[in-house]
Amino acid sequence: MSIFDIIGPVMVGPSSSHTAGAVRIGYICCKLMDEPVRSVKIGLYGSFLATGKGHGTDRALVAGLLGMKPDDGRIPKSFEIAAKKGMQFEFYEAKLTGANPNTAVLNMTGESGRELEIVAESIGGGRIKIRKIDGLDANFSGDYPTLVVHNVDEPGHIAMMTEILREQKVNIATMQLYRECPGGMAVTVIECDQKIPKAALTGLEQAHGIIKVTYCDCGD
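Residues numbered from 1 in each chain as written. Predicted model: local features only at pLDDT ≥ 70, side-chain atom pairs only at ≥ 80, totals over all residues. Heavy atoms only, no water.

*Asks:* What is the right way to read the pattern of salt bridges from this model?
*Replies:* Close approach of charged atoms allows side chains of opposite charge to pair. Tallied over the entire structure, the rule returns 11 salt bridges. Note that Asp 217 is salt-bridged to Lys 195, the shortest N-O span being 3.7 Å. Pair noted here: Asp 217 is in the segment after strand E10 (210-216) and Lys 195 is in the loop between strand E9 (185-192) and helix H7 (198-206), with a separation of 22 residues, a long-range link. Exposure remark for Lys 195: the relative accessible area of 54% places this residue in the exposed category. (Salt bridge = Lys/Arg side-chain N within 4 Å of Asp/Glu carboxyl O. Helix = DSSP H or I, 4+ residues; strand = E, 2+ residues; numbered from the N terminus. Buried < 20%, exposed > 50% of the residue type's maximum accessible area, 1.4 Å probe, protein only.)

Right, here's the structure in full:
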């Protein structure tokens, strides 16, 4: 535990969970999108829905999607800034079961037409967890440079991924594996100690059985 876990994050308030955490969710989603967000539908669940407006959760999420961090003084004006930048956004009540009460579902479309769905939760003190990406389980904090690799569930893929990273001298901090069923779609979430070189990303994208590679340079 660090001193920041005790005193909380440097932020524009009022709430570390409903404001700072919401900005962080939007910011990590912006990083995962890897291009400007042109439109987004944001589902709010539980406490995010019930009390979020008073705590600025809605403005905080939009601020993060614009690339702002929790201490950015422009957060209260994020709606106006988004309108000027041409970002369209709308909010709705997310229908979830058993989710963390501070959960948001973001359905984003980027300037290239790319679509991405993220389910994320604020877990207190400005910290977050990304729980789903395009319907597949994930579980990472956004505190490290992170790779999310969608692949076919076949033998050898994990060894191949780690070898590509080893060749580029990238040290793995954590690795998590999820799959729909044996032989079906799988997702590998790899948090690393340093930024991922372009050569490693290219190697992963071109490897057999890899469907999609999403890189979140979110350790800054």
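*Asks:* Help me understand the sheet that holds strand E6 (residues 136-140), please; the structure alone is not making it clear to me.
*Replies:* Adjacent strands of a sheet form backbone hydrogen bonds with each other and so pair up, either parallel or antiparallel. One open sheet holds the six strands; their spatial order is E2-E1-E3-E4-E5-E6, and the pairing between them is mixed. Among the strands making up the open sheet, the edge pair consists of strand E2 (88-93) and E6. Direction aside, neighbouring strands of the sheet carry axes that sit 20 degrees apart on average. Examined bridge by bridge, strand E5 (residues 127-133) and E6 share three bridges and lie antiparallel to one another. (Pairing = 2+ DSSP bridges. Axes fitted to C-alpha atoms, helices over the stretch in contact; angles between N-to-C directions.)

*Asks:* Explain the packing of helix H6 (residues 157-167) against H7 to me, please; I cannot follow it from the model alone.
*Replies:* Helices that pack against each other are described as a pair by the angle of their axes relative to one another and the distance between those axes. Contact geometry for H6 and H7: axes closest at 9 Å, N-to-C directions at 160 degrees. With respect to their mutual orientation, H6 and H7 come out roughly antiparallel. Handedness of the H6/H7 crossing: right-handed. Seen from H6, the contacting residues are Met 160, Met 161, Ile 164 and Leu 165; seen from H7, they are Ala 200, Gly 203 and Leu 204. (Parallel < 35°, antiparallel > 145°, perpendicular 65-115°, else oblique. Left-handed = near helix turned anticlockwise from the far one by under 90°. Contact = heavy atoms within 4.5 Å.)

*Asks:* Looking at this structure, how should I read the layout of surface pockets?
*Replies:* To find leftover empty space, a probe the size of one water molecule is rolled over the atoms. By volume, the second largest pocket is sized at about 240 Å³. Mapped onto the lining of the second largest pocket, the elements with two or more residues apiece are helix H2 (16-33), H7 and E10. Considering every element that reaches the lining of the second largest pocket, the biggest residue donor is E10, with four residues. Counted by class, the lining of the second largest pocket contains four nonpolar, one polar and seven charged residues. (1 Å grid on protein atoms, 1.4 Å probe; cavity = no way out; pocket = protein on both sides within 12 Å on 5 of 7 lines; lining within 4 Å. Points joined across faces, edges and corners; volume = space filled by probe spheres on them. Nonpolar A, V, L, I, M, F, W, Y, C, P; charged D, E, K, R; others polar.)

*Asks:* Sorry, what's going on with H7 here?
*Replies:* Taken together, the buried positions of H7 are Ala 200, Leu 201 and Leu 204. All buried residues of H7 lie within an arc of 100 degrees about the axis, which places them on one face of the element. Every exposed residue of H7 that faces more than 90 degrees away from the buried side is listed here: Lys 198 and Gln 206. Those residues of H7 hidden inside the fold are in contact with strand E7 (146-152), H6 and E10. (Arc of directions from axis to C-beta.)

*Asks:* Explanation requested: the nonpolar core in the structure shown.
*Replies:* In globular proteins that are soluble, nonpolar side chains generally tend to be buried together. Ranked by internal contacts, the top residues of the largest apolar core, which has 41 residues, are Ile 28, Leu 65, Leu 106, Met 108, Ile 118, Ile 133 and Phe 140. When residues of this core are assigned to their parent elements, the largest contribution, eight residues, is made by H2. Ile 164, Leu 165, Val 170 and Leu 204 belong to the second largest nonpolar core, which has 16 residues in total. (Core = buried A, V, L, I, M, F, W, Y, C linked by side-chain atoms within 4.5 Å.)

*Asks:* How do you make sense of the environment of Leu 65 when you look at a structure like this?
*Replies:* Mapped onto the secondary structure, Leu 65 falls in helix H4 (residues 57-65). Residue classification places Leu 65 among the buried positions, given a relative accessible area of 3%. Considered as a pair, Leu 65 and Pro 36 are 29 residues apart in the sequence and their alpha carbons are 8.4 Å apart.

*Asks:* Before we go on, may I ask you to explain the sheet that holds E9 in this structure?
*Replies:* Spatially, the four strands line up as an open sheet ordered E8-E9-E7-E10, and their pairing is antiparallel. Every other strand in the sheet has two partners, leaving strand E8 (172-179) and E10 as the edge strands with one partner each. Adjacent strand axes in the sheet meet at a mean angle of 15 degrees when their direction is disregarded. Bridge count for E7 against E10 is six bridges, and the pairing is antiparallel. Looking at the pairing, Val 149 lines up with Val 213 of E10.

*Asks:* How should I be thinking about the pairing of E9 in this particular structure?
*Replies:* The side chains of a regular strand alternate, first on one face of the sheet and then on the other. With seven of eight residues buried, E9 is to be regarded as a mostly interior element. Judged from the seven bridges that link them, E7 and E9 form a sheet pairing that is antiparallel. Note on E9: the bridge partner recorded for Thr 146 is Glu 191. Both E8 and E9 contribute to a ladder of seven bridges, which runs antiparallel. Of the residues in E9, the one forming a bridge with Met 175 is Ile 190. Hairpin connection, E8 to E9: the antiparallel pair is bridged by five residues, and Gly 183 has positive phi, about 85 degrees.

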